Amino acid sequence: MNAAVQLGEAVHDTTYTRNTPVDLGAARLDFVDGHKWVHEVKSSSKPTAADEAQARHYCHRLHRVGVDAQGAVLHYPKTRRTKKLIYTEQDAMQAEADIADVLETAVLPVSPPRLARSACRGCSFTDYCWTE
């Protein structure tokens, strides 16, 4: 298992212990509150575009199974900060576009060029891209 994933799981396991993860098969949400807000505990210090994309995707998946997710709250325990993201129709369209892009990339006969290694810092898929 990737070190970033291990760290993320450790942060989650020791930070919000009274909440139950939600398993959607291919996605595992940290928890959803009684007001239909997705909560994600992040091991980083500040929000990233990837964090927001993940939150958007989780809300999208919940909508697809009939749960009217209001949005997401990203928790950053290192800095004791949160970021609240309201899930909008525009977010739903972006999630669909992101999914289409991923599926398009997955069927390419050749992998796309790798990003600069520095752009991959903190990504849990680094081992897939950078293992020779």
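Parameters and conventions
Along each chain, residues carry numbers from 1 onward, in the same order as the chain's sequence is written. Selection of residues for local features in this predicted model requires a pLDDT of at least 70, selection of side-chain atom pairs for listing and counting requires 80 or more, and totals for whole chains, interfaces and linings are taken over all residues. With hydrogens and water excluded, all non-hydrogen atoms of the structure serve as input to the side-chain values. Nonpolar cores were defined as sets of buried Ala, Val, Leu, Ile, Met, Phe, Trp, Tyr and Cys residues, with membership established by side-chain atoms within 4.5 Å. Only protein chains enter the calculation, and the probe is 1.4 Å; a residue is then buried if its accessible area is under 20% of its type maximum, exposed if over 50%, and partly exposed in between. Where helices and strands are cited, they refer to DSSP runs of H or I of at least four residues and of E of at least two residues respectively, numbered from the N terminus. Whether two residues touch is decided by their heavy atoms; if any such pair falls within 4.5 Å, the residues are in contact. Salt bridges are counted wherever a side-chain nitrogen of Lys or Arg sits within 4 Å of a carboxyl oxygen of Asp or Glu.

Caption draft 1: Quick look at the nonpolar core. Membership of the largest hydrophobic core comes to 15 residues, with the highest contact counts inside it found for Leu-29, Val-38, Cys-59 and Leu-62. Looking at this core, the elements that each hand over two or more residues are helix H2 (49-64) and strand S5 (71-76). By residue number, the principal contributor to this core is H2, which donates four residues. Leaving out residues up to four positions away in the same chain, Leu-62 has contacts with Leu-24, Leu-29, Val-32, Val-38, Val-67 and Ala-69.

Caption draft 2: Broad picture of unusual backbone geometry. With a phi close to 65°, Lys-36 is a non-glycine residue in the positive phi region. Following the sequence through the fold, Lys-36 ends up in the loop between strand S3 (31-32) and strand S4 (37-41). A positive phi is found at Arg-80, a non-glycine position, where the angle reads about 55°. Inspection of the secondary structure assignment puts Arg-80 in the loop between S5 and strand S6 (81-86). Exposure remark for Arg-80: the relative accessible area of 79% places this residue in the exposed category.

Caption draft 3: Looking closely at the pattern of salt bridges. Going through the model one piece at a time under the given rule, you end up with three salt bridges. With its nearest N and O atoms 2.5 Å apart, the salt bridge here joins Lys-83 to Glu-52. Highlighted residues: Lys-83 in strand S6 and Glu-52 in helix H2, separated in sequence by 31 residues. For Lys-83, a relative accessible area of 28% corresponds to the partly exposed category. Judged by relative accessible area, Glu-52 falls into the partly exposed class, the value being 26%. A salt bridge links Asp-98 to Arg-56; the nearest nitrogen and oxygen atoms lie 3.4 Å apart. Of the two residues, Asp-98 is situated in helix H3 (residues 89-106) and Arg-56 in helix H2; the sequence distance between them amounts to 42 residues.

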